[in-house]
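What the coordinates show
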Amino acid sequence: VTSLQHKIQMLEAELDQNKDSVGGRPSEQYEEKLGEMVEKLRVMERENVELKESLAEARMRVCHDVEHKEQGEKIARLDASLREKVAEAATLQDKIKTLQAEIENLKQTFTVEKESNEREKAKQREEYESKVAEEKQQRVAKLRAAEEEN
């Protein structure tokens with residue numbers, strides 16, 4: 001912008017130098033040249049504005065690209081963390097399955113032992129009842145024998 005202002009100042013100085021000595025006005029030829037130069041300056045000024053806008057857009061794209069890259073890196077870190085957590089969860093699930101299998105084995109062992117103990121108790125109870133019944137019969141037999149003697 002300052003270079004454009006400088007060019008305008010130069011044109012004004014040149015205009016002052018080329019004024020007719022008669023009316024203090026610029027000649028027609030010089031006015032045409034000056035008009036062309038002013039139009040060129042306006043075009044340059046528009047181009048300058050467009051370039052500044054383009055530069056601002058480019059800077060915005062760079063910022064967006066940087067943000068996008070940072071977000072991509074963050075997503076990659078989160079993805080890696082997620083994979084680690086999934087692996088940990090799989091390991092824990094394997095441990096849970098192993099513990100469940102061990103618990104099931106213990107339940108089965110307990111059930112088998114309980115059934116075995118119940119059978120053993122039933123057998124001992126039968127043996128006891130049989131022994132008690134036999135002793136009872138022997139006592140009854142002794143009592144009858146004693147009664148018969150009397």
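The structure this text deals with has already been given above.
Read on for an overview of the structure. (Residues numbered from 1 in each chain as written. Predicted model: local features only at pLDDT ≥ 70, side-chain atom pairs only at ≥ 80, totals over all residues. Heavy atoms only, no water.)

Within the protein, the regular secondary structure consists of two helices and zero strands. Going through the 150 residues of the protein one by one, you find that 5% of them count as buried. As displayed, the protein has an accessible area near 13900 Å², and 53% of this comes from carbon and sulfur atoms. (Helix = DSSP H or I, 4+ residues; strand = E, 2+ residues; numbered from the N terminus. Buried < 20%, exposed > 50% of the residue type's maximum accessible area, 1.4 Å probe, protein only. Areas by Shrake-Rupley, 256 points an atom, 1.4 Å probe, with all protein chains shown as cover.)

Here we take up the pattern of salt bridges. Summed over all chains, the structure comprises one salt bridge. For the salt bridge of R83 with D79, the shortest nitrogen-to-oxygen distance reads 2.5 Å. With R83 and D79 both in helix α2 (residues 28-149), this residue pair falls four residues apart, about one helical turn. (Salt bridge = Lys/Arg side-chain N within 4 Å of Asp/Glu carboxyl O.)

For the rest of this paragraph, the subject is a negative patch on the surface. Negative charge collects at one region of the surface, where E28, E31, E32 and E36 lie side by side. Counting through the fold element by element, E31 comes out in helix α2. On the basis of relative accessibility, which here comes to 40%, the residue E31 falls in the partly exposed class. (Patch = residues over 30% accessible without salt bridge, like charges linked within 9 Å, V, L, I, M, F, W, Y side chains within 5 Å. Lys, Arg positive; Asp, Glu negative; His and termini not counted. Charge placed at Lys NZ, Arg CZ, Asp CG, Glu CD.)

Let us now look at α2. Taking 1.5 Å as the rise per residue, α2 with 122 residues should run 182 Å; its terminal C-alpha atoms sit 176 Å apart, in good agreement. Residues Y30, L34 and L41 constitute the buried set of α2. (Expected span 1.5 Å × (residues − 1).)

Interpretation note: all reported values are geometric properties and have no functional meaning in isolation.
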